[in-house]
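The primary structure of each chain is shown beneath.
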Amino acid sequence: LTLNQKMPGTAIALNSSILNADMRFANDLGELPTALAKHFSAYFDLQPDPPYPANLNLGDFDVTLFVRRSDIIDSFVPDLEELQVDGPIRASYRGETQEFNMDAKVSELTYTTYHIQDVGLQVRGNREQLGYNLGVREIRSPSLLVNNVSLNGAARDNGMTLRSAMAHTDSSEQFVIG
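Below, the structure is looked at part by part. Bear in mind that the values here come from a model prediction, so they are computed numbers and not experimental data.

Throughout the structure, instances matching the rule amount to 4 aromatic pairs. When the centroid spacing of 5.8 Å and the interplanar angle of 25° are considered together, the rings of phenylalanine 61 and tyrosine 93 count as stacked. Here phenylalanine 61 is found in strand E4 (residues 61-67), whereas its partner tyrosine 93 is found in strand E6 (residues 89-94), with 32 residues between them in sequence. In this pair, the class of phenylalanine 61 matches that of tyrosine 93, namely buried. Cluster of aromatic residues (ring-pair linked, three or more members): Phe25, Phe40, Phe61, Tyr93 and Phe100.

Structural data, given as structure tokens:
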């Protein structure tokens, strides 16, 4: 673990057998949690009282995480039997434009009796909203089989929108809510 904090700003590098991480923040570690909460409260109010400090804003950041040993994560989550993360989990933010991007892919996830395959999560944000797209190729349990599930929507103006759809393998949606 390497932690380099230059006021303002923080760089964290972690190289282990469990996780590799490269994280760079314009904020220092002392102000980062409050700056993150203040930023995300602009979409969906996380803390109505007291107000956030006026002079504290979220600065630019870039984060890349590589999960190397997901079995360690499995041991901390009750009933999580398998987790296979594909490639890096990446997130970035630009304070001047308030552009936020995050991408993650999970090829296998088994939780209790549910086996989930090929999950993709994409989050995109700007000044107006924080949007999300979640796609799942298959959800299977002893009593359920669902293919090609998508959830998408956005947080904005202290509300959430949601659209859920399921499709056959030919990609034509069969069931849509939202």
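There is more to say after this.
Even without being a glycine, threonine 112 presents a positive backbone phi close to 50°. Note that threonine 112 resides in the loop between strand E7 (99-111) and strand E8 (114-125). Owing to a relative accessible area of 30%, threonine 112 belongs among the partly exposed residues under this scheme.

Time to look at the environment of valine 119. Along the chain, valine 119 falls in strand E8. Given a relative accessible area of 18%, valine 119 falls into the buried group. Separated by 20 residues in sequence, valine 119 and isoleucine 139 place their C-alpha atoms 9.8 Å apart. Aside from chain neighbours lying at most four places away, what touches valine 119 is Ala104, Lys105, Val106, Leu134, Gly135 and Val136.

Since one α-helical turn is 3.6 residues long, residues separated by three or four positions face the same way. Those residues of helix H1 (residues 32-41) that sit buried are Leu32, Ala35, Lys38, His39 and Ser41. The inward-facing, buried residues of H1 contact strand E3 (19-25) and E6.

The topology assignment puts serine 92 in strand E6. On the accessibility criterion, serine 92 (18% relative accessible area) is buried. Setting aside residues no more than four positions away along its own chain, serine 92 makes contact with Phe61, Asp62, Glu99, Phe100 and Asn101.

Parameters at a glance
- Residues numbered from 1 in each chain as written.
- Predicted model: local features only at pLDDT ≥ 70, side-chain atom pairs only at ≥ 80, totals over all residues.
- Heavy atoms only, no water.
- Phe/Tyr/Trp six-rings, centres within 6.5 Å; stacked < 30°, edge-to-face > 60°.
- Helix = DSSP H or I, 4+ residues; strand = E, 2+ residues; numbered from the N terminus.
- Buried < 20%, exposed > 50% of the residue type's maximum accessible area, 1.4 Å probe, protein only.
- Contact = heavy atoms within 4.5 Å.

Nothing here speaks to function; it is geometry throughout.
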